[in-house]
Amino acid sequence: MTRAILPTVLFLLCAAPQPGFAEDCRDRFTRLLIHGNGDGPVKIHVTQEIVGGPTTTNYFHQTEAGHWMTEMIEPENSPWVLTYDNVMYTSQDKGKTWTELRALDTRNNQADAKDGLREDAKTAKNVVCGKETLEDAVHDTVEADYSSQRGTTEIHAKFWVDQKSGYIAKTFYHMKNDGFESMTTQLIEPAPDLLLPVPE
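Below is a summary of the structure that appears in this document. (Residues numbered from 1 in each chain as written. Predicted model: local features only at pLDDT ≥ 70, side-chain atom pairs only at ≥ 80, totals over all residues. Heavy atoms only, no water.)

Looking at the packing of aromatic side chains
Where we set the bar: Only Phe, Tyr and Trp rings take part, Trp by its six-membered ring, and two of them pair if their centres are within 6.5 Å. Stacked means planes under 30 degrees apart, edge-to-face means over 60, and tilted covers everything else. Consider the ring centre and the ring normal. A charge sits over the ring if Lys NZ or Arg CZ is within 6 Å of that centre and within 35 degrees of that normal.
Using the criterion set out here, one finds 4 aromatic pairs in the structure. Ring-pair connections join several aromatic residues into one group, and the members of that group are Phe29, Tyr146, Phe159 and Tyr173. The positively charged end of Lys43 is found above the aromatic ring belonging to Tyr59, 4.6 Å away from the centroid. When the ring centre of Trp160 is taken as reference, the NZ or CZ atom of Lys170 above it lies at 4.5 Å.

Below, the structure written as structure tokens:
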């Protein structure tokens, strides 16, 4: 799996948020980092800028945990990726045909990812909560710095949260480690009518 795909997958392996209870700013950041928007149907526009490298854009579509697809926008000739029923597939023809790439263990991968995020959240510092206008609506913002992968990666994460629904509408991650730095922006919307391919 390419680095352009990995951040999107990692940040979506989570369960639904629970707005409506009192929590301080650090607790809210921890909840958003670990639990995000859940495993429901979603469409995300992802832009990843790699320092010293290319900028990539794609759509990430997910109907449920373990059934998702990346639709590459730029570079246009990059392969698409699909997961379904514990198998990862790739497509070189924009989703017309799919080739099996490798087997997955979706449940354990999700559990491992969430355990990793719980450990990451313990390192959070410089936590700030505020408000910003996004798409003509005021959103709550929550951001912090934290370490990941046993301290080898430093990340600044920011969430824009709809005040009425508690849904995360936008995220930004600035990641740094030895020899690699990237900025990833995700524009997120629920997609209740989404249908994805089911390879035969």
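Topic: the sheet that holds strand E11 (residues 180–190)
The test is simple: Strands qualify as paired when DSSP identifies two bridges or more between them. Secondary structure is summarised from DSSP: a helix means a run of H or I of at least four residues, a strand means a run of E of at least two, and numbering begins at the N terminus for each. Orientation is described by lines fitted to C-alpha atoms, with helices fitted over the stretch in contact, and by angles between N-to-C directions that extend from 0 to 180 degrees.
Reading across from one edge, E6-E5-E4-E3-E2-E1-E11-E10-E9-E8-E7 is the order of the 11 strands in this open sheet, with antiparallel pairing throughout. In this open sheet, the two edge strands, each paired with only one partner strand, are strand E6 (99–103) and strand E7 (125–134). Neighbouring strand axes in the sheet, compared pairwise and without regard to direction, differ in orientation by 20° on average. In the sheet, strand E5 (residues 87–91) pairs with E6 via 4 bridges, with the strands oriented antiparallel. Within E6, the residue paired with Tyr89 across the bridge is Glu100.

A closer look at the state of the cysteines
Counted only if it meets this: Sulfur atoms of two cysteines make up a disulfide when they are within 2.5 Å.
Applying the stated criterion across every chain, the model contains 1 disulfide. The disulfide partner of Cys25 is Cys129, and the gap between their sulfur atoms is 2.1 Å. On the sign convention where negative is left-handed, the bridge of Cys25 and Cys129, at about 105° about the S-S bond, is right-handed. One end of the pair, Cys25, is in helix H2 (residues 25–35); the other, Cys129, is in strand E7, with 104 residues separating them in the sequence.

Let's talk about unusual backbone geometry
The condition that has to hold: Buried means the residue's accessible area, taken with a 1.4 Å probe over protein chains only, is under 20% of the maximum for its type, while exposed means over 50%, and partly exposed covers the values in between.
Backbone torsion omega between Glu74 and Pro75 reads 0°, so that peptide bond is classified as cis. By the secondary structure assignment, Pro75 is in the loop between strand E3 (67–74) and strand E4 (80–84). Positioned with a positive phi, Lys94 is a non-glycine residue whose angle comes to about 60°. You can see Lys94 is positioned in the loop between E5 and E6. Relative accessible area serves as the criterion here: at 43%, Lys94 is assigned to the partly exposed category. Even without a glycine there, the phi angle at Asp136 is positive, about 65°. As for its position among the elements, Asp136 is in the loop between E7 and strand E8 (137–148). Looking at Asp136, the relative accessible area reads 80%, which means it is exposed.

Bear in mind that shape data such as this cannot, by itself, settle questions of function.
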